[in-house]
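Tertiary structure, described
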Amino acid sequence: MKISLNWLKKFIDIDQSPEQIEQILTSTGLEVEHYETIESIKGGLKGLVVGKVEQCEKHPNADKLSLTKVDIGNGELLSIVCGAPNVAAGLKVIVAPVGTIIYPLKGEPFTIQKAKIRGEVSEGMLCAEDEIGMGASHDGLLILPETLAIGTPLANYFNVTSDVVFEIGLTANRGDATSHLGVARELATVLNIELKKPTQTAKPVEQLSTLKIEVEDNAACARYSGLVLGSITVKESPDWLKLQLKAIGLNSTNNVVDATNFVMHELGQPLHAFDYNAIAGEYIKVKRATAGEVFIALDDKAYTLKGHELMIANAQENMCIAGVYGGKLSGVNAATTKIFLESAYFSADVVRKSAKTHGINTDSGFRFERGTDPEMTIIALERVAAILTDIAGAKIESEFVDVYPTKLEPFAVYLRKQTIQKIGGLEIPDQKIEQILTGLGIVINSSEDNGWSLSVPLFKSDVTREIDVVEEVIRIYGFEHIPLNKHMRLSLNYKAESNERLMLNKASSLLQGMGFSEIMTNSLVSDKVYEVKDKLVYMANPLSAEMNVMRQSMLYSGLEAIAYNKNRKQTNTHFFEFGKTYLMANSQYFEKEELALFVSGNTTGESWEQKQKPVDYYFLKSIVNRLCVALGGDLKCAEIKAVDAKDLALFDIKDEVYFATINWTMLLTKSADKKFALKALPQFPIVRRDLSLVIDKATEFKAIQSMVQKANIKNIMAVNVFDVYEGKPLDEDKKSISIGFELYDEEKTMNEKEIDAIMQKLIKQFEQNLNAVIRK
């Protein structure tokens, strides 16, 4: 969920830095995953200034270029080569001096540098609108008004705005924080500052609508409110509204839809606008679906209803899956002049079941599933009506419709001071507790020596018991204030770590030492990434269509992490992850412990000491081999491959990626079975002998290793390949491989006769078993 700092400032006067706000929100349970600064124009036009072309003449070496002298107000004229057809002396233009970073409409940002163009020095750039991301035109320079002062920062003239947007990983129990108002309430309570709630002046009703509303299922829809607005002009939204929605990642649709989205993200109350002319019989009925009905949604898809869905229907047909998705025929369009605004309180369970059944994820469903505030329905209608009056010329044509047969009451809770002290292990001053409770919207009905009688608002749907209120108080007060003392018991495990944990820690340390970073990814993925689906483990109630199966391979979740990093200019990605994979076979479920490794980009970071080298299969193989040997296993525990282009395309990854998976259970077993013995350092010389073999191209090095093992020669310490050659004069199906052997005798210095005997035995093995030809 995205939260705009500028938007928050409409509710609270806050001057804390983004870093401080991130810490505050995360400490209260609203984990900030990351935040970023965004600008109304990418790059914020930083460094660009107003300049005046003082001189302009033709380039001596290029017909289509001009040499200019430009004044930017620093006391010196800049020499700039320009190719624009409309450049001329006397014009006020946009200048990018040397060092300015340009953010073009298309392509990557680049830095302006001093250069020679066709033999003439250029100390900057005169800009067209597409070159600075302000428009699509490249017909010539963007000419500025004569009245602008030379040297004026361009950002000031175009009123560039900036904002900080926080990405919050909202948990399922925090329905109270699904809006800017909710997040502002948290900050106001922690900082003990005033929360400014939005207020609207009621507009007069100009004529009364004859719309009738019936709610058939009050358990699924406890409150249904609405308002009719006429004289509407559906058009493009004003810039302030488009920019505010853009900041939180929403594209503008039209002024009516944008206004409902704006209020939903501001107050947390989903709204839906129906084209009034599509409401057959001027009648709305909130009812359960009939199993087998087909509903055509806004995305033109046909959904076959199961019968449990709550529907908004007119006298003839369904218009909306309540709280989830609107219908194609009742949506607002360019011809709409009259609308019915819906603002309701739907059951979280009903909305969640409908959304999961049909795999539909919407911003409104996100909020209804976490629980909305039944007291916000009319307030939200007033807010959106006021906005549409201003931006769409709307006129109110009905009283507020409010079907609310049984008013929902706040949760009654008695909070004892003793409970806070017992659970939190600390004494919080009464005044501070009352400030926290009031700040969170909890009403203190009475205060006694032992505690407080409280009414907890319905927007805090997960706070229904005393222990819940205690948690609210302590999380706002700060867990860091809880002292450690002799009266507190810590549940710590002082037992020696298991061999599996020790091995995992050792593997992590080894990989980190080799430049790898550990990742933790979701074990739920989409079945779309798998071509063969018969062995997949499907979720009975998936969170979304993108997480409907347990991963059969760790590849795809790792590729997602690589794509995320590459999109943020992190090109050298060396990752590892411990996790499980899952499959179904013969109606049984199986899971396997694995260690996955991913490499992409270069083997090392940028350095003056050595040239960068791209990763390849053999780079990853050497890493896996070193790891397996260090842990007491071998390469038989691992599979290594280059990732297929079609898999990379799923995540829009352009670079090569190599992937290895290690059967962790097998590696642990091999490690447990392997006996390690200490050996003295070599006392006698180690002898090196080399062989060059011509063998079939398809023969792998492991076949040679196998032959060496079968020869059972105890004096061989190491075998390695130091050269491979393919090409003339060798046959096309042959290759030459050069192998180094290290020989050693623990008891004496080896003589030539012994060494030759060993090498002849090896040559015989290679000739007989691999049809090798020994190169002399």
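Residues numbered from 1 in each chain as written. Predicted model: local features only at pLDDT ≥ 70, side-chain atom pairs only at ≥ 80, totals over all residues. Heavy atoms only, no water.

Focus: the overall build of the chain
Note the threshold: By the criteria applied, helices consist of DSSP H or I runs no shorter than four residues and strands consist of E runs no shorter than two, each listed in order from the N terminus. For the radius of gyration, the atoms used are the C-alpha atoms, and the globule rule reads 2.2 Å times the number of residues raised to 0.38. Residue burial is assigned from relative accessible area. The probe radius is 1.4 Å, only protein chains are included, and a residue is buried under 20% of its type maximum, exposed over 50%, and partly exposed in between.
Helix and strand content of the chain: 19 helices and 39 strands. Over its C-alpha atoms the chain spans a radius of gyration of 35 Å, topping by over 25% the 28 Å that the globule rule assigns to 776 residues. Along the first, second and third principal axes, the C-alpha atoms of the chain reach 115 × 80 × 60 Å. Going through the 776 residues of the chain one by one, you find that 47% of them count as buried.

Considering the packing of aromatic side chains
Under the convention used in this document: A pair of Phe, Tyr and Trp rings is counted when the ring centres sit within 6.5 Å of each other, with Trp represented by its six-membered ring. The angle between the planes then sorts it: under 30 degrees is stacked, over 60 is edge-to-face, the rest tilted.
A complete count under the given rule lists twelve aromatic pairs for this structure. Their ring planes at 85 degrees and their centres at 6.0 Å tell us that Phe-576 and Phe-578 sit as a pair that is edge-to-face. The pair formed by Phe-576 and Phe-578 is uniform in burial state, with each residue classed as buried. In this structure an aromatic cluster arises from ring pairing among Trp-7, Trp-240 and Phe-262.

A look at unusual backbone geometry
Put simply, Lys-728 and Pro-729 share a cis peptide bond, and its omega is 10 degrees. For Pro-729, the position within the fold is in the loop between strand E37 (716-725) and strand E38 (734-743). Despite not being glycine, Arg-118 has its phi angle at roughly 55 degrees, a positive value. Inspection of the secondary structure assignment puts Arg-118 in the loop between strand E9 (115-117) and strand E10 (120-122). Here Ser-587, not a glycine, exhibits a phi torsion of approximately 65 degrees, which is positive. Along the polypeptide, Ser-587 turns up in the loop between strand E32 (573-585) and strand E33 (588-600). Given the relative accessible area of 68%, Ser-587 is considered exposed.

Examining the sheet that holds strand E31 (residues 549-550)
This is how the line gets drawn: Two strands are counted as paired when DSSP detects at least two bridges linking them.
Ordered by their spatial adjacency, three strands build an open sheet running E29-E31-E30, and the pairing between neighbours is antiparallel. Since the sheet does not close on itself, it has two edges, and those belong to strand E29 (524-525) and strand E30 (537-538), each with one partner.

Considering the sheet that holds strand E28 (residues 517-518)
Selection rule: In what follows, a contact means two residues having at least one pair of non-hydrogen atoms within 4.5 Å. Axis lines are fitted to C-alpha atoms, over the contacting stretch for helices. Their N-to-C directions set the angle, which ranges from 0 to 180 degrees.
Strand order in the open sheet formed by five strands is E28-E32-E33-E35-E34, and the pairing between neighbours is mixed. Because the sheet does not close on itself, it has two edges, and the strands there are E28 and strand E34 (638-642). Where helix H13 (residues 499-513) meets the sheet, it contacts E28, E32 and E33, and its direction lies at approximately 140 degrees from that of E32. Each of E32, E33, E34 and strand E35 (657-663) is contacted by helix H14 (residues 555-566), which is oriented at about 150 degrees to E32, the strand it contacts most.

Quick word on helix H15 (residues 617-630)
An α-helix turns once per 3.6 residues; consequently, residues spaced three or four apart project the same way. Just so we agree on the cut-off: The span one expects for a helix is its residue count, reduced by one, times 1.5 Å. Directions pointing from the helix axis toward each C-beta atom define the arc. Polar contacts, as used here, are pairs of N or O atoms within 3.5 Å; protein pairs need one atom able to donate a hydrogen and one able to accept it. Residues neighboring in sequence count only if both atoms are side-chain atoms.
End to end, H15 covers 20 Å across 14 residues, agreeing with the expected 20 Å (1.5 Å per residue, within 8%). Along H15, the residues that are buried comprise Phe-619, Leu-620, Ile-623, Val-624, Leu-627 and Cys-628. Taken down its axis, H15 places every buried residue within 160 degrees of arc, on the same side. Turned more than 90 degrees from where H15 packs its buried face, Tyr-618 and Arg-626 sit exposed. Measuring from the side-chain oxygen of the N-cap residue of H15 to the backbone nitrogen of Tyr-618 gives 3.2 Å; that N-cap residue is Asp-616.

Examining the packing of H13 against H15
The line we're drawing: Handedness of a helix crossing follows the sense of rotation of the near helix relative to the far helix, less than a right angle counterclockwise being left-handed and clockwise being right-handed. Three categories are distinguished: nonpolar for Ala, Val, Leu, Ile, Met, Phe, Trp, Tyr, Cys and Pro, charged for Asp, Glu, Lys and Arg, and polar for the others, with Gly belonging to the last.
One can describe the packing of H13 onto H15 by two numbers: an axis separation of 10 Å at closest approach and a directional angle of 145 degrees. Crossing handedness for the pair H13 and H15: right-handed. Here Lys-506, Ala-507, Leu-510 and Leu-511 of H13 lie close against H15, whose contacting residues are Ile-623, Leu-627 and Ala-630. Partitioned by chemical class, the residues of the contact of H13 with H15 number six nonpolar, no polar and one charged.

Comments concerning the confidence of the model for the chain
Rules: Per-residue confidence from the predictor is given as pLDDT, running between 0 and 100.
Confidence along the chain averages 91 in pLDDT terms, with 97% of residues attaining 70 or more. Per-residue pLDDT stays below 50 along residues 489-495; that stretch engages in one contact with residues further than four places along the chain or on separate chains.

A closer look at the packing of helix H2 (residues 18-27) against helix H4 (residues 180-191)
What counts here: Any angle between 65 and 115 degrees counts as roughly perpendicular, while under 35 counts as roughly parallel, over 145 as roughly antiparallel, and the rest as oblique.
Relative to each other, H2 and H4 sit at 95 degrees, their axes nearing to 10 Å. Here H4 runs roughly perpendicular to H2, going by the angle between their axes. Every residue of H4 that contacts H2 at Ile-21, Ile-24 and Leu-25 is listed here: Val-183, Leu-187, Val-190 and Leu-191.

Thoughts on the nonpolar core
The criterion, for reference: What is meant by a nonpolar core is a set of buried Ala, Val, Leu, Ile, Met, Phe, Trp, Tyr and Cys residues, joined one to another through side-chain atoms within 4.5 Å.
Residues Ile-168, Val-183, Leu-187, Leu-229, Ile-339 and Leu-388 are the most contacted members of the largest nonpolar core, which totals 54 residues. The element contributing the most residues to this core is helix H9 (residues 377-392), with nine residues. Non-local contacts of Leu-187, meaning those with residues more than four positions away in its chain, are made with Leu-8, Ile-12, Ile-14, Ile-21, Ile-24 and Leu-25. Counting 34 residues, the second largest nonpolar core, distinct from the first, contains Leu-211, Tyr-224, Phe-295 and Ala-344.

Considerations on the environment of Ser-738
In this structure, Ser-738 sits in strand E38. Put simply, Ser-738 and Leu-691 are 47 residues apart on the chain and 5.7 Å apart in space, counted from C-alpha to C-alpha. Sequence-distant contacts of Ser-738, defined by excluding residues within four places in its chain, comprise Leu-691, Ser-692, Asn-720, Val-721, Phe-722 and Asp-723.

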